[in-house]
Amino acid sequence: MGRAIVATAALSALLAVSGCTVEGTDADGRHHLPVRIELPDAKASPSATPSTPGPTRAANVLWSRGDSGSGVRELQARLRQVDWLFDGPTGTYDDLTEQAVAGFQGKRGLPRTGATDQVTWRRLLGMTHEPGKWDLYLMGGQPAGPPDPRCLTGRVLCIDKTTRTLRWMIDGRTVSTMSVRFGAQYTPTRDGVFHVYWKARDWVSTLYHSPMPYAMFFSGGQAVHYSYDFSARGYAGGSHGCVNVRDEAAIESLFAQVRTGDKVVVHE
């Protein structure tokens, strides 16, 4: 009897140490269900399926509400291609994504679970093409590249055309980062080193008659400012040469911090 008790206790201790309940955290530090599954990036093998299904969900489910990551971002981009999703991509499997998946499933006679299983994913792959980078980040959210060396001293709006991002930097430290949009083909945003020479909280373009809230002018009529069009359409459009920001809260905060005379570096 005593040996049985000892053996039971030893087994319980072994299970605790070996971590039979595996719980992870996502990029925001939130706990998610045990053994989360994420499909590899599109460049690796979009049609590949996970080898170890999670124990708390159906074996063939790839993503469901609450998941996040590059696989979810690709799913959203493909749903946009077939007009089942008009938001994002955001990289987070939210209620809109769940509704879009359920609609796509129902239209094709599949169970309307709202979760993306292997059958749903294969059907979607067959109807869409591999998304490009700016399909995946149509509404922003892409990571910023390294700052230009000219941005490492002083107070600088460091604007990168390659990654389409703006870094607000002070003495080499990044204070904030936001997605930006640039001029169209025939109205390009000028490259170079400039300085903010004028700020206007509520401004309307005298040339194009379009609103330019939180405008910070740095080169002639070109300014960093909030854009309603960028907020609504993402990178599907372009500016007349200005640097557009789509996050109104972010640029409101930036406008309050930037001073006349601060440096602006626009680079590729």
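Just above sits the structure.
For the structure given in this document, a descriptive report is provided here. Just so you know, these numbers come straight off a predicted model, no measurement behind them.

A few words on the side chain of Asp-67. Positionally, Asp-67 belongs in the loop between strand S1 (61–63) and helix H2 (70–81). From its side chain, Asp-67 meets the backbone nitrogen of Ser-64 in a polar contact 3.0 Å long.

Let's shift gears to the pairing of strand S3 (residues 155–160). Across the six residues that make up S3, a large majority, five, are buried. Here six bridges tie S3 to strand S4 (residues 165–170), and the two strands are oriented antiparallel to one another. Paired with Asp-160 across the strands is Thr-165, a residue of S4. Pairing analysis gives five bridges linking S3 to strand S11 (residues 263–267), with the strands arranged parallel. Across the sheet, Asp-160 pairs through a bridge with His-267, a residue of S11.

Once that is clear, we can look at the environment of Thr-120. As for its placement among the helices and strands, Thr-120 is situated in helix H4 (residues 118–127). Its relative accessible area of 3% is what places Thr-120 among the buried residues. Sequence separation between Thr-120 and Leu-62 is 58 residues; the distance between their C-alpha atoms is 9.6 Å. Engagement of the side chain of Thr-120 in a polar contact is seen with the side chain of Gln-105, the distance being 3.0 Å.

Another point: the nonpolar core. With 23 residues, the main nonpolar core has Leu-157, Ile-159 and Val-224 as its most contacted residues. Going through the elements one at a time, S3, S4, strand S5 (173–181), strand S8 (215–219), strand S9 (222–226), strand S10 (243–245), helix H7 (248–257) and S11 are the ones with two or more residues in this core. Top contributing element to this core by residue count: H7, with four residues. Discounting residues that sit within four places of it in the chain, Ile-159 has contacts with Thr-165, Leu-166, Val-180, Phe-182, Val-224, Val-243, Val-264, Val-265, Val-266 and His-267. Leu-75, Val-82, Ala-100 and Trp-121 belong to the second-largest nonpolar core, a separate cluster that totals 14 residues.

What follows is about the sheet that holds S5. With mixed pairing, the nine strands of this open sheet are ordered in space as S6-S11-S3-S4-S5-S10-S9-S8-S7. Either end of the sheet is taken by a strand with one partner, and the two such strands are strand S6 (192–195) and strand S7 (198–200). In this sheet, neighbouring strand axes are inclined to one another by 25° on average, regardless of whether the strands run parallel or antiparallel. Sheet topology note: the S6/S11 ladder contains four bridges and is antiparallel. Following the sheet pairing, Gly-192 is matched in S11 by Val-266.

All right, on to the pattern of salt bridges then. A complete count under the given rule lists eight salt bridges for this structure. Glu-74 serves as the salt-bridge partner of Arg-78, at 2.8 Å between the closest nitrogen and oxygen. With Arg-78 and Glu-74 both in helix H2 and four residues apart, the pair spans about one turn of that helix. As far as the burial class goes, Arg-78 and Glu-74 line up, both buried. Put simply, Lys-161 and Asp-191 hold a salt bridge, and the shortest N to O gap is 2.7 Å. With Lys-161 in the loop between S3 and S4 and Asp-191 in the loop between S5 and S6, this pair connects stretches of sequence that are 30 residues apart. Overall, the relative accessible area of 19% leaves Lys-161 in the buried class.

Cut-off values and rules
- Residues numbered from 1 in each chain as written.
- Predicted model: local features only at pLDDT ≥ 70, side-chain atom pairs only at ≥ 80, totals over all residues.
- Heavy atoms only, no water.
- Helix = DSSP H or I, 4+ residues; strand = E, 2+ residues; numbered from the N terminus.
- Polar contact = N/O pair within 3.5 Å; in protein donor to acceptor, adjacent residues only side chain to side chain.
- Buried < 20%, exposed > 50% of the residue type's maximum accessible area, 1.4 Å probe, protein only.
- Pairing = 2+ DSSP bridges.
- Core = buried A, V, L, I, M, F, W, Y, C linked by side-chain atoms within 4.5 Å.
- Contact = heavy atoms within 4.5 Å.
- Axes fitted to C-alpha atoms, helices over the stretch in contact; angles between N-to-C directions.
- Salt bridge = Lys/Arg side-chain N within 4 Å of Asp/Glu carboxyl O.

Geometric values such as these leave the question of function open.
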